[in-house]
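Remarks on the overall topology
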Number of protein chains: 2
Amino acid sequence: MSTPRRAPSGAAVLRPELTEAVVDAVLAELAEVGHGRLSMQRVAARAGVGKSALYRRWPGKDEMVMDVVGRFGVPAEPPPDTGTLVGDLHALVVGMRDWLDHPRLASIVPDLLAESRRSPRLAEAFRERLSGPRRDRSREVLARAVARGEITPEQAGGVEAELVVDLLGSVPFWRVAVHGGPIDDQGATALAELVARGMTAPR
Amino acid sequence: MSTPRRAPSGAAVLRPELTEAVVDAVLAELAEVGHGRLSMQRVAARAGVGKSALYRRWPGKDEMVMDVVGRFGVPAEPPPDTGTLVGDLHALVVGMRDWLDHPRLASIVPDLLAESRRSPRLAEAFRERLSGPRRDRSREVLARAVARGEITPEQAGGVEAELVVDLLGSVPFWRVAVHGGPIDDQGATALAELVARGMTAPR
């Protein structure tokens with residue numbers, strides 16, 4: 001257990017230094033004991049802060065966990081426009097791969113998915129904080145492809161779009177969770193090319 | 001807790017009736033408490049058998065869990081030949097969807113993936129009992145497409161094949177784990193068509 005770097009300040013807004021200690025503690029607890037056994041008490045003790053500092057910021061552990069995991073390296077913006085659908089898809093796959101490649105997140109995300117099956121509140125937080133923003137970035141990439149004339153507006157808004165958004169997340173996840181290692185550069189390229197061909201080929 | 005339907009027999013091979021009670025107990029414990037807190041003791045008590053009956057069959061809980069989950073509705077054979085790659089891919093997606101659609105398995109598989117990150121022995125059992133056989137069935141479908149001239153032998157054996165095998169499993173899983181419900185018929189058809197076009201389109 002680490003010692004506090006500063007005494008709790010009592011201020012309503014956490015200072016950046018304090019947030020960093022809390023973020024570290026949440027990630028370490030999640031990776032070691034999992035969401036089911038994590039508690040506000042354990043996180044506060046590990047971060048060297050009072051429990052009240054956590055409750056001033058978050059109403060409960062689900063919100064705290066999702067806020068921390070959601071901040072951790074998830075890009076806020078869609079990837080830069082590469083000029084082609086295949087290039088943009090590749091950037092999304094690499095972004096997901098790099099996010100999952102953090103040694104702690106690789107253990108945390110499967111755990112959160114499992115706990116979400118038992119906690120509708122956590123499932124909702126997962127969709128709102130992690131899954132939702134990632135899906136929005138993917139949809140933005142499809143909208144660019146419509147603007148370029150690579151795919152039709154229907155493709156960017158229907159069943160096919162939802163599938164593509166799913167597989168850009170699920171395949172990099174599957175590699176880590178089932179195979180134990182991140183998707184490699186060859187795999188990321190092949191995935192982007194397969195999806196781009198599947199969307200743009202004559203039918 | 002159920003009462004034993006028969007007293008433990010002491011025979012070296014479990015009778016079918018006994019196996020069924022054990023299978024039910026393993027699935028119920030996994031769904032309720034998760035792999036981390038499941039024990040041979042709890043399963044034996046729930047199934048109404050002695051712990052020794054379980055240890056005669058399995059060396060430990062990882063093997064027991066994977067044997068039970070692996071038996072539970074995973075088809076042993078590749079799907080019947082539909083005559084086209086797209087038809088065979090659709091059958092694989094629907095097979096995965098139907099397997100995951102069991103209410104208990106939908107909670108169990110994410111849990112096993114999460115625990116696999118903490119237990120290399122469970123990860124190995126997962127690959128050997130669940131992931132491996134599913135991958136073999138998918139590869140058989142790609143081999144048929146080579147025989148029909150729909151794809152090249154290189155496509156059925158390289159990076160692209162591994163990707164396709166991954167996404168046929170990961171997308172139906174993602175729908176259940178992240179979205180909370182199985183992939184629907186429209187989604188299954190769109191996934192099979194996207195992949196088939198991606199593999200067979202000119203490049």
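The structure displayed is predicted, hence computed values, not measured ones. (Residues numbered from 1 in each chain as written. Chains lettered and ligands numbered in written order. Predicted model: local features only at pLDDT ≥ 70, side-chain atom pairs only at ≥ 80, totals over all residues. Heavy atoms only, no water.)

**A few points about the packing of helix α5 (residues 85–100) of chain A against helix α9 (residues 185–200) of chain A**
Residues and elements named next belong to chain A. One can describe the packing of α5 onto α9 by two numbers: an axis separation of 8 Å at closest approach and a directional angle of 140°. With respect to α9, the axis of α5 lies oblique. Handedness of the crossing formed by α5 with α9: right-handed. On α9, the residues that touch Leu 85, Val 86, Leu 89, His 90, Val 93, Val 94 and Arg 97 of α5 are Asp 185, Ala 188, Thr 189, Leu 191, Ala 192, Glu 193, Val 195, Ala 196, Met 199 and Thr 200. When its residues are assigned to classes, the contact of α5 with α9 shows eleven nonpolar, three polar and three charged. (Axes fitted to C-alpha atoms, helices over the stretch in contact; angles between N-to-C directions. Helix = DSSP H or I, 4+ residues; strand = E, 2+ residues; numbered from the N terminus. Parallel < 35°, antiparallel > 145°, perpendicular 65-115°, else oblique. Left-handed = near helix turned anticlockwise from the far one by under 90°. Contact = heavy atoms within 4.5 Å. Nonpolar A, V, L, I, M, F, W, Y, C, P; charged D, E, K, R; others polar.)

**A few points about the packing of aromatic side chains**
On inspection of all chains with the given rule, the structure shows three aromatic pairs over all chains. Ring geometry for Phe 173 of chain A versus Trp 174 of chain B: centroids 5.3 Å apart, planes at 55°, classification tilted. Residue Phe 173 of chain A is found in helix α8 (residues 159–179), and its partner Trp 174 of chain B is found in helix α8 (residues 159–179); the two belong to separate chains. On the basis of relative accessibility, which here comes to 2%, the residue Phe 173 of chain A falls in the buried class. Site record: aromatic cluster; members linked through ring pairs are Phe 173 and Trp 174 of chain A together with Phe 173 and Trp 174 of chain B. (Phe/Tyr/Trp six-rings, centres within 6.5 Å; stacked < 30°, edge-to-face > 60°. Buried < 20%, exposed > 50% of the residue type's maximum accessible area, 1.4 Å probe, protein only.)

**Overview of the side chain of Asp 88 of chain A**
Residues and elements named next belong to chain A. Looking at the secondary structure, you find Asp 88 in helix α5. Of the residues examined, Asp 88 reaches a relative accessible area of 0% and is grouped as buried. Engagement of the side chain of Asp 88 in a polar contact is seen with the side chain of Arg 144, the distance being 2.9 Å. (Polar contact = N/O pair within 3.5 Å; in protein donor to acceptor, adjacent residues only side chain to side chain.)

**Thoughts on the environment of Leu 27 of chain B**
Relative to the helices and strands, Leu 27 of chain B resides in helix α1 (residues 16–33). Along the backbone, Leu 27 of chain B and Ser 107 of chain B are 80 residues apart, and their C-alpha atoms lie at a distance of 9.8 Å.

**Here we look at the packing of helix α6 (residues 103–116) of chain B against helix α7 (residues 120–148) of chain B**
Residue and element names in this part refer to chain B. Orientation of α6 relative to α7, taken along the N-to-C sense of each, is 135°, at an axis distance of 7 Å. When the interaxial angle is binned, α6 and α7 end up oblique. Between α6 and α7, the contacting residues are Val 109, Leu 112, Leu 113, Glu 115 and Ser 116 on the first element and Pro 120, Leu 122, Ala 123 and Phe 126 on the second.

**Topic: the nonpolar core**
Among the nonpolar cores identified, the biggest contains 80 residues, and Val 69 and Phe 173 of chain A together with Phe 173 of chain B are the most heavily contacted of them. In this structure, Val 164, Ile 183 and Ala 196 of chain A together with Ala 145 of chain B belong to the second largest nonpolar core, which totals 51 residues. (Core = buried A, V, L, I, M, F, W, Y, C linked by side-chain atoms within 4.5 Å.)

**Concerning the UniProt feature "DNA-binding region" (unreviewed entry) in chain A**
In the numbering adopted here, UniProt assigns the feature "DNA-binding region" (unreviewed entry) to residues 39–58 of chain A. As annotated, residues 39–58 of chain A has a helix share of 75% and a strand share of 0%, and its two end C-alpha atoms lie 13 Å apart. (UniProt positions renumbered as here; feature names shortened; annotations may be inferred.)

**Overview of the relation of the copies chain B and chain A**
For the pair chain B and chain A, the relating rotation is 180°, the translation along its axis is 0.0 Å, and the fit reaches an RMSD of 0.0 Å. Such a combination of rotation and displacement between the chain copies is what one expects of a two-fold axis. Residue Gly 198 of chain B of chain B places its C-alpha closer to the rotation axis than any other residue of that unit, at 1.9 Å. Comparing interface residues between copies, 100% of those in chain B also sit at the interface in chain A, which points to an isologous, same-surface contact. (Least-squares fit on C-alpha atoms with pLDDT ≥ 70 in both.)

**What about helix α6 (residues 103–116) of chain A?**
In this model, α6 of chain A (14 residues) spans 21 Å end to end at C-alpha, consistent with the 20 Å of a helix rising 1.5 Å per residue. For α6 of chain A, the buried fraction is high: twelve of the 14 residues fall into the buried class. (Expected span 1.5 Å × (residues − 1).)

**Details of helix α7 (residues 120–148) of chain A**
Residues and elements named next belong to chain A. Along its 29 residues, α7 runs 40 Å from first to last C-alpha, staying within 8% of the 42 Å computed at 1.5 Å per residue. If you look at α7, its biggest bend is around 40°, right at Ser 131, and the proline Pro 133 turns up within four residues after that. Of the residues trailing α7, Gly 149 is marked for its positive phi of about 80°. (Bend = angle between axes of the 7 residues up to and from the residue.)

**Let's talk about the interface of chain B and chain A**
On the chain A side, the residues contacting the 50 residues of chain B number 50 residues. Where chain B abuts chain A, roughly 4,000 Å² becomes buried across the two surfaces, and 63% of that area is made up of carbon and sulfur atoms. Here chain B and chain A share four salt bridges between them. Note that Arg 175 of chain A is salt-bridged to Asp 166 of chain B, the shortest N-O span being 2.3 Å. On inspection of chain B and its partner chain A, the count reaches eleven residue pairs in polar contact (both at pLDDT 80 or more). Of all the elements in the fold, those that place two or more residues in the side of chain B that touches chain A are α1, α6, α7, α8 and α9 (185–200) of chain B. (Buried area = accessible area lost by both parts, 1.4 Å probe. Salt bridge = Lys/Arg side-chain N within 4 Å of Asp/Glu carboxyl O.)

**Describing the environment of Val 141 of chain B**
Residue and element names in this part refer to chain B. Mapping Val 141 onto the fold places it in helix α7. On the basis of relative accessible area, Val 141 is assigned to the buried category, the value being 1%. A sequence separation of 59 residues divides Val 141 from Thr 82, and the C-alpha atoms of the two residues are 9.9 Å apart. The contact partners of Val 141, leaving out residues within four places of it in the chain, are Pro 79, Leu 85, Asp 88, Leu 89 and Leu 92.

**Remarks on the confidence of the model for chain A**
Residue and element names in this part refer to chain A. Overall, the predicted model of chain A reaches an average pLDDT of 86, with 89% of residues at or above 70. Here α6 stands out as the element of chain A with the lowest mean pLDDT, 80, in contrast to α9, whose mean of 97 is the highest. Low pLDDT (under 50) marks residues 1–12, which in the prediction has 19 contacts with non-local residues, meaning those over four places away or in another chain. (pLDDT = per-residue confidence, 0-100.)

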